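Architecture and fold: a report
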Amino acid sequence: MSDKEKNAEEFEETFSDKTSEDESTVENETVEENEKEDVQVISEVDDLKAQLDEMEDKYLRASAELSNMNNRFRNERQALQKYRSQDLGKKLLPAIDNLERAVAIEVEGEQNESLKKGVEMTLESLRSAMQEEGIEEISAQGESFDPTLHQAVQTVPATEDHPAETVVEVLQKGYKLYDRVLRASMVVVAQ
């Protein structure tokens, strides 16, 4: 082998070593870049999933809040409709009391009887209208005293006929609208 051939072989070996080193370096750099891109893509996907979860949570909370508001408004509307007669009933109670007092008076003569009959009819029509609206009288006479329905204005000693904590006399009738008390009964209670 001549010197030229030996030099050529050495050059080829050196060149091939450098080329293989360069190729492996390039391959390593490419793999590292791909890994970095994969890590970056995975991190972006994780961020997007976190944002999606957050938005879903906000949506569910807003949906639940709307549902609760609708239920609350529906309940309020029903209560307003149910108790719409409350103010009118409270205003009519003194008129009913006066009509009952007028009916309780003893009268003589045909004209007075006719007048009393008219008052009784008026009172009955008012009672009927109030009953249609859900307003009813609170029964008290002889019942056990209930502070949510009765207002004790006087006490008397208990007897055999009237045991303790019972209503002896009703001074003013009480009324309620469904489950709400419009006016408590003013009563005398045995103690």
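What you are looking at is a predicted structure, and each value in this text was computed from that prediction instead of being measured.

Points about helix 3 (residues 110–132)
The first and last C-alpha atoms of helix 3 sit 33 Å apart over 23 residues, in line with the 33 Å expected at 1.5 Å per residue. Of all the positions in helix 3, only K116, V119, L123, L126 and M130 are classed as buried. Where the residues of helix 3 are buried, they touch helix 2 (86–104) and strand 1 (135–138). Of the residues trailing helix 3, G134 is marked for its positive phi of about 95°.

Re the nonpolar core
In this structure, I96 and I135 are the most contacted members of the largest nonpolar core, which totals 13 residues. Put simply, the parts of the chain that give this core at least two residues each are helix 2, helix 3 and strand 4 (174–177). I96 has contacts with L123, L126, M130 and Y175, leaving out every residue within four places of it along the chain.

Cut-offs and rules
Residues numbered from 1 in each chain as written. Predicted model: local features only at pLDDT ≥ 70, side-chain atom pairs only at ≥ 80, totals over all residues. Heavy atoms only, no water. Helix = DSSP H or I, 4+ residues; strand = E, 2+ residues; numbered from the N terminus. Expected span 1.5 Å × (residues − 1). Buried < 20%, exposed > 50% of the residue type's maximum accessible area, 1.4 Å probe, protein only. Contact = heavy atoms within 4.5 Å. Core = buried A, V, L, I, M, F, W, Y, C linked by side-chain atoms within 4.5 Å.

Nothing here speaks to function; it is all geometry.
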